[in-house]
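# Fold and geometry: a report
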Amino acid sequence: MYKTVLVPIDMAHLAEGKANVTLAASYGAQGAKVILLNVVEDIPNWAAIDLPAGLLEKSVESIRAQLQEIAKASGSKMDVDVRTGHSYNTILEVAEKSKADLIIIASHRPGLQDYFLGSTAAKVVRHANCSVLVVR
Ligand code: ADP
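Here we summarise the structure given alongside this text.

Scoring rules and cut-offs
- Residues numbered from 1 in each chain as written.
- Predicted model: local features only at pLDDT ≥ 70, side-chain atom pairs only at ≥ 80, totals over all residues.
- Heavy atoms only, no water.
- Pairing = 2+ DSSP bridges.
- Helix = DSSP H or I, 4+ residues; strand = E, 2+ residues; numbered from the N terminus.
- Axes fitted to C-alpha atoms, helices over the stretch in contact; angles between N-to-C directions.
- Salt bridge = Lys/Arg side-chain N within 4 Å of Asp/Glu carboxyl O.
- Buried < 20%, exposed > 50% of the residue type's maximum accessible area, 1.4 Å probe, protein only.
- Right-handed = clockwise from strand over helix to strand, strands pointing away.
- Near = heavy atom within 4 Å.
- Polar contact = N/O pair within 3.5 Å; in protein donor to acceptor, adjacent residues only side chain to side chain.
- Areas by Shrake-Rupley, 256 points an atom, 1.4 Å probe, with all protein chains shown as cover.
- 1 Å grid on protein atoms, 1.4 Å probe; cavity = no way out; pocket = protein on both sides within 12 Å on 5 of 7 lines; lining within 4 Å.
- Sits in = over half its atoms within 2 Å of the grid points.
- Points joined across faces, edges and corners; volume = space filled by probe spheres on them.
- Nonpolar A, V, L, I, M, F, W, Y, C, P; charged D, E, K, R; others polar.

### Re the sheet that holds strand 2 (residues 28-41)
Taken together, 5 strands build an open sheet; the order of strands is 3-2-1-4-5 and the sheet is parallel. Since the sheet does not close on itself, it has two edges, and those belong to strand 3 (79-85) and strand 5 (131-135), each with one partner. The average undirected angle you get between the axes of adjacent strands in this sheet is 25°. Here strand 1 (residues 2-8) runs beside strand 4 (residues 102-106); their pairing, made up of 2 bridges, is parallel. Note on strand 4: the bridge partner recorded for Leu6 is Ile103.

### Quick word on the pattern of salt bridges
Under the definition given, this model contains 5 salt bridges. Lys33 serves as the salt-bridge partner of Asp79, at 3.6 Å between the closest nitrogen and oxygen. Taken together, the residues Asp79 in strand 3 and Lys33 in strand 2 connect sequence positions 46 residues apart. The closest approach of N and O atoms between Glu61 and Arg64, which form a salt bridge, is 3.5 Å. Taken together, the residues span about one helical turn, with Glu61 and Arg64 both in helix 3 (residues 55-74) at a distance of 3 residues. With relative accessibility at 46%, the residue Glu61 sits in the partly exposed group.

### Examining the pairing of strand 2
Summarising the sheet, strand 1 and strand 2 pair through 6 bridges and their orientation is parallel. Opposite Val7, over in strand 2, you have Leu36 as the bridge partner. Tracing the backbone out of strand 1, into helix 1 (residues 14-27) and back to the parallel element strand 2 gives a crossover that is right-handed. Bridge count for strand 2 against strand 3 is 7 bridges, and the pairing is parallel. In the strand pairing of strand 3, Val39 is matched with Arg83.

### A short note on the site of the ligand
Taken together, 17 residues surround the ligand, and among them Pro8, Val39, Arg109, Thr120 and Ala121 come closest. One of the backbone N or O atoms of Ile9 is found 3.4 Å from a nitrogen atom in the ligand. Ser119 places a polar main-chain atom, nitrogen or oxygen, 3.1 Å from an oxygen atom of the ligand. For the ligand, the accessible surface in isolation is 550 Å², of which the surrounding protein chains cover 90%. The site holding the ligand turns out to be the largest pocket.

### What about the layout of surface pockets?
To find leftover empty space, a probe the size of one water molecule is rolled over the atoms. Size it by volume and the largest pocket reaches roughly 660 Å³. Considering the residues around the largest pocket, the lining is formed by 27 residues, among which Asp10, His13, Ser87, Arg109 and Thr120 are closest to the centre. Every element with two or more residues in the lining of the largest pocket is listed here: helix 1, strand 2, helix 4 (87-97), strand 4 and helix 5 (119-127). No other element matches strand 2, which puts 4 residues into the lining of the largest pocket. For the lining of the largest pocket, a count of residues per class yields 13 nonpolar, 10 polar and 4 charged.

Right, here's the structure in full:
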């Protein structure tokens, strides 16, 4: 059983994310901390200049609200973390800082079954210092 379980969720593929949240509840020990994490990819400055002011902040708030709903629906107490940055670097950084002992991640986006591992999942598996459950 694990004490701190990190569940990175891609908001474009919520069904897989929700399934992993259910798994997290059963892999965590009694009183385990479960963290739902989404990483909003940084928009390069040259592209951001044409976007309405505050768009990134609004996206972060909207994603936070969606993750809070998922946490609430799980019936267990879960933490929600939304960050901007590169997905795999940020997932690894949050895993280190929170001392996660398990990361639960989907293997790839739906429909890409021919690929063994997606790009984010592959980097997390290769570089994480804790156990990683890859869900196919
Ligand atoms: P693909 O390359 O097929 O899109 P990925 O490796 O990027 O596959 O995605 C697999 C899993 O990695 C996702 O289901 C999710 O668990 C995690 N993931 C990917 N992108 C993000 C993100 N921006 N924030 C949080 N988790 C992510």
